[in-house]
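Survey of secondary and tertiary structure
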Amino acid sequence: MALLTEYEVAALLLSLKVSLTAVCCSLPAGIFIAWVLARFDFPGKSLLDGVIHLPLVLPPVVVGYLLLISMGRAGWIGHWLYETFGISFAFSWRGAALAAAVVSFPLMVRAIRQAFEAVDTRLEQAARTLGAGRLRVFFTISLPLTAPGIVSGMVLAFARSLGEFGSTITFVSNIPGETRTIPLAMYSFIETPGAEAQAGRLCVIAIVISLLSLVASQWLGKKAQQRAHGEC
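Attention shifts here to a nonpolar patch on the surface. A contiguous nonpolar patch, built from Val62, Tyr65, Leu66 and Ile69 and spanning about 340 Å² of accessible area, is present on the exposed surface. Summarising the element assignment, Leu66 is placed in helix 3 (residues 60–71). The exposure class assigned to Leu66 is partly exposed, which follows from its relative accessible area of 41%.

Structure, rendered in structure tokens:
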């Protein structure tokens, strides 16, 4: 940490906090939706799949605006949450985590869904034939075999959350110490005359973290695959 300035440390720690919160909070829903899309056919499945992947094609500013009008204090969901539970997302790090979760959610779901689709359904059917219930089959067979995909989805979502900018600045603004993650801190330096060096340092930090995330994804994915196949 001695190599980093106090400003850089604050942006880095906030980015990690926002990204980890986004991944951990969206993971249960990501696993469930990926499982449903991989295992069931039902009316409206294509529509659900399209809605899940919509943040990938929408401009990030549009995503941020939709979050602002729905989850802000004046929004129809945000107003109810604030009046009922005292929870506010707008202009706070929680809102930054929510924005990061929304834009990274499709990547998580896609990776986990592909992992579920790669599991041999005959293993699940055999367990059901032997008397295991659907939940037991899910937790003892399906979930362990999809562990590499789950790890991959988590790391992809984490890396995407670290780089989120458009929806974050639209929804929660650029508040030092509260919502100013690494991308927003870089934006502030880019807009400041003579601060190109500081922006470059943050760029290097972002590259290093992203690279470490990809390396960790490959390593954890291999470990999870070995464990799933009993090769530890």
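Before going further, it helps to spend a moment on helix 5 (residues 93–118). Taking 1.5 Å of rise per residue, 26 residues should cover 38 Å, and helix 5 covers 37 Å from first to last C-alpha, within 8% of that figure. Along helix 5, the sharpest kink reaches roughly 45 degrees, centred on Ser104 and followed within four residues by the proline Pro106.

So, on to the environment of Leu48. Structurally, the position occupied by Leu48 is in helix 2 (residues 45–57). Dropping the residues within four chain positions of it, Leu48 is found in contact with Leu37 and Phe42.

At their nearest, the axes of helix 3 and helix 4 (residues 76–85) sit 4 Å apart, and the two run at 45 degrees to each other. Comparing the axis directions of helix 3 and helix 4 gives the class oblique. Of the residues in helix 4, those in contact with Ile69, Ser70 and Met71 of helix 3 are Trp76, Ile77, Gly78 and Leu81. Grouping the constituent residues of the contact of helix 3 with helix 4 by class yields five nonpolar, two polar and no charged.

One finds Ile31, Val109, Ile112, Phe116, Ile182 and Leu202 to be the most contacted residues of the largest nonpolar core, which totals 31 residues. A per-element tally of this core places helix 1 (residues 6–39) first, with 11 residues. Ranked by size, the runner-up nonpolar core spans 17 residues in total, among them Ala90, Ala97, Ala99 and Ala101.

About the criteria used
Residues numbered from 1 in each chain as written. Predicted model: local features only at pLDDT ≥ 70, side-chain atom pairs only at ≥ 80, totals over all residues. Heavy atoms only, no water. Patch = residues over 30% accessible without salt bridge, like charges linked within 9 Å, V, L, I, M, F, W, Y side chains within 5 Å. Areas by Shrake-Rupley, 256 points an atom, 1.4 Å probe, with all protein chains shown as cover. Salt bridge = Lys/Arg side-chain N within 4 Å of Asp/Glu carboxyl O. Helix = DSSP H or I, 4+ residues; strand = E, 2+ residues; numbered from the N terminus. Buried < 20%, exposed > 50% of the residue type's maximum accessible area, 1.4 Å probe, protein only. Expected span 1.5 Å × (residues − 1). Bend = angle between axes of the 7 residues up to and from the residue. Contact = heavy atoms within 4.5 Å. Axes fitted to C-alpha atoms, helices over the stretch in contact; angles between N-to-C directions. Parallel < 35°, antiparallel > 145°, perpendicular 65-115°, else oblique. Nonpolar A, V, L, I, M, F, W, Y, C, P; charged D, E, K, R; others polar. Core = buried A, V, L, I, M, F, W, Y, C linked by side-chain atoms within 4.5 Å.

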